[in-house]
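If you want the building blocks of each chain, they are given just below.
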Amino acid sequence: IGHLHWLFEFTRALGAPDSVILDATPNTEAVLSESFLYNMAHQRPWYEFQFGASLGIENQIPPAYSRVVEGFRHHYGHLLEPDDYRFHTIHIYVDEEHGGGVGEFAERYLDTDDKRRSARAANFAGAEATRRCWDAFEGAAW
């Protein structure tokens, strides 16, 4: 089961129609992030995507989603069951798991200064793109 399945489960639990997702217009930050990830995956060395884009993004998700889940429990516990916001709780677990063993992995594959520099730059770019996406969440409504 993928991202969209759990996202639909979440929006349906909130009473939103599927069109909230299907007809959504991506904001600037989403378009830029998609372009960044495409570039990393198809135009850059594999380790920039792995250590940069993927890790730069995934490292921010567990703490952010932990706060989101706590907000759901506190403010919407009377409306939502834990399975309703599973989209968020799954990301906490999976992204924490993805971060495990990164040090050993980096030590093995980032074996030159050039690789370490480019992976670090990609990490900073991925983290900044993600931060901008989080900052763009305002006034979500349907």
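For the structure itself, consult the block above.
Residues numbered from 1 in each chain as written. Predicted model: local features only at pLDDT ≥ 70, side-chain atom pairs only at ≥ 80, totals over all residues. Heavy atoms only, no water.

Colleague: Tell me about the packing of helix α3 (residues 28-43) against helix α4 (residues 46-58), residues and numbers included.
Modeller: Between α3 and α4, the least distance of the axes is 9 Å, while the angle of their chain directions is 155 degrees. On the basis of their axis angle, the class for α3 and α4 is roughly antiparallel. Here α3 and α4 pass one another in a crossing that is left-handed. Across the interface between the two elements, F36, L37, M40 and A41 of α3 pack against E48, F49, A53 and I57 of α4. Here the residues of the contact of α3 with α4 sort into seven nonpolar, no polar and one charged. (Axes fitted to C-alpha atoms, helices over the stretch in contact; angles between N-to-C directions. Helix = DSSP H or I, 4+ residues; strand = E, 2+ residues; numbered from the N terminus. Parallel < 35°, antiparallel > 145°, perpendicular 65-115°, else oblique. Left-handed = near helix turned anticlockwise from the far one by under 90°. Contact = heavy atoms within 4.5 Å. Nonpolar A, V, L, I, M, F, W, Y, C, P; charged D, E, K, R; others polar.)

Colleague: If you had to explain the side chain of D84 to someone new, which residues and values would you point to?
Modeller: Structurally, D84 is set in the loop between α5 (61-76) and α6 (86-99). Despite being buried, D84 has no salt bridge partner; R12 is the closest side chain of opposite charge, sitting 11 Å away. A distance of 2.8 Å separates the side chain of D84 from the backbone nitrogen of E81, its partner in a polar contact. Those residues in contact with D84 that lie beyond four places of it in its chain are E9, F10, A13 and L79. (Buried < 20%, exposed > 50% of the residue type's maximum accessible area, 1.4 Å probe, protein only. Lys, Arg positive; Asp, Glu negative; His and termini not counted. Salt bridge = Lys/Arg side-chain N within 4 Å of Asp/Glu carboxyl O. Polar contact = N/O pair within 3.5 Å; in protein donor to acceptor, adjacent residues only side chain to side chain.)

Colleague: Residue-level account of the packing of aromatic side chains, with values.
Modeller: Here the structure, examined in full by the defined rule, presents five aromatic pairs. Where W46 meets Y47, the ring centres are 5.8 Å apart and the plane angle is 85 degrees; that geometry is what we call edge-to-face. On the basis of relative accessible area, Y47 is assigned to the buried category, the value being 13%. Residues Y65 and F87 carry aromatic rings whose centres are separated by 6.3 Å and whose planes lie at 45 degrees to one another, so their mutual orientation is tilted. On the criterion of sequence distance, the pair formed by Y65 in helix α5 and F87 in helix α6 is long-range, its members being 22 residues apart. In this pair, the class of Y65 matches that of F87, namely buried. The structure contains a cluster of three or more aromatic residues connected by ring pairs, namely F10, F72 and Y85. (Phe/Tyr/Trp six-rings, centres within 6.5 Å; stacked < 30°, edge-to-face > 60°.)

Colleague: Please set out the pattern of salt bridges residue by residue, giving values where relevant.
Modeller: Close approach of charged atoms lets side chains of opposite charge pair. This structure, assessed with the given rule, holds 10 salt bridges. Note that D18 is salt-bridged to R12, the shortest N-O span being 2.9 Å. One salt bridge connects R131 with E128, and the closest N-O pair in it is separated by 2.5 Å. Of the two residues, R131 and E128 are both situated in helix α8 (residues 113-135); the distance of three residues between them amounts to about one turn of the helix. For R131, a relative accessible area of 35% translates into the label partly exposed.

Read these as spatial facts, not as claims about activity.
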